[in-house]
Amino acid sequence: MRPHKTEPHRRHFLQGICAAGAFFSLHDLITANELELREFSTEDDDDKPRILQLELLSSAPMAEMKQFYHVTLGLPIVEEKPNRLTIDAGLTRISFLESAEADGKPFYHFAFNIPENKILAAHQWQRERCPLLPIPERLRDAKFPDDVVNYSHWNAHSVFFFDPAGNVVEYIARHDLKNAARGDFSSEDILYASEIAFVVDDVTATATKLKEITGAEQYRGASDQIAAIGDEHGLLLVMKRGRMISFDSPQRKEVSVFATTAAVRGQRPAKYEHPEFPYELSVEN
């Protein structure tokens, strides 16, 4: 059966390009000279996710989100209500809640781990379903198509695209994970969410708190602009609010704060509500 191909509104796609820059820049900052990279290798074949559940706002109608995630991407629906849609993205459960006018136009970045050997297959599969985001030359790999990101410092390759709500969605093949799989790419290769970004004023303080309550370590460096907490099985990305984003476009957009609820795997059960921002985190072991 031929895949159902979505035709996102051109206006939404062009507006989203600027938002995407926040997350390309976020990854790219990790390579800056201000960071000290550390060697890391995965010795564990156990590919358990860190991010178990996400609850995110959506400015797009639930019917559009259902069409995209269930019909186009083939992910199963767990719960469907007029103002709420819950899907299973592999081992991560994601709920989208219809936002109110006062919430603005929420958008998030989240990434899905895929088998480390399937980035080219995922690239082809996703391009048949929606446009992929353009990638700056500095992040390309001559061995791959121009719209595949080469994160050499993370030993990973990615592709990015938008969903109907303007979320910046990523498939990432992390080559340090021993999760190669046979066959063509399909929705079953969307293994679990492996990144969720939080925007704050004090990156260091929030990163320190996340390390404390999850028992996870800082991942390959940090600065006062960005930190990543966790490992290849899941990263909590902390980004400074107020960054003006410019990415292959004359337009600029300020990174914004939107309500986020997450359940993650950690060393011991805990609950955390950020004192300044609408972020709620629960930790399970």
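Residues numbered from 1 in each chain as written. Predicted model: local features only at pLDDT ≥ 70, side-chain atom pairs only at ≥ 80, totals over all residues. Heavy atoms only, no water.

*Asks:* Requested: an account of the sheet that holds strand E5 (residues 109-114), with residues and values cited.
*Replies:* Pairing in this open sheet of 8 strands is mixed, and the strands run E6-E7-E8-E5-E9-E12-E11-E10 from one edge to the other. In this open sheet, the two edge strands, each paired with only one partner strand, are strand E6 (149-151) and strand E10 (218-222). The sheet shows a mean angle of 25 degrees between the axes of neighbouring strands, taken without regard to direction. Note that strand E7 (residues 156-162) and strand E8 (residues 168-174) share 7 bridges and pair antiparallel. If you follow Ala 156 over to E8, its bridge partner there is Arg 174. (Pairing = 2+ DSSP bridges. Helix = DSSP H or I, 4+ residues; strand = E, 2+ residues; numbered from the N terminus. Axes fitted to C-alpha atoms, helices over the stretch in contact; angles between N-to-C directions.)

*Asks:* Residues and numbers for the nonpolar core, please.
*Replies:* Residues Tyr 69, Phe 96, Phe 110, Phe 112, Tyr 171 and Leu 236 are the most contacted members of the largest nonpolar core, which totals 58 residues. Here this core gets 5 residues from one element, more than from any other, and that element is strand E9 (residues 192-200). In this structure, Ala 111, Leu 133, Ile 172 and Ala 228 belong to the second largest nonpolar core, which totals 17 residues. (Core = buried A, V, L, I, M, F, W, Y, C linked by side-chain atoms within 4.5 Å. Buried < 20%, exposed > 50% of the residue type's maximum accessible area, 1.4 Å probe, protein only.)

*Asks:* Account for helix H2 (residues 62-72), naming residues and giving values.
*Replies:* For H2, every residue scored as buried is listed here: Met 62, Met 65, Phe 68, Tyr 69 and Thr 72. Trailing H2 by a residue or two, Gly 74 shows a phi angle of about 80 degrees, which is positive.

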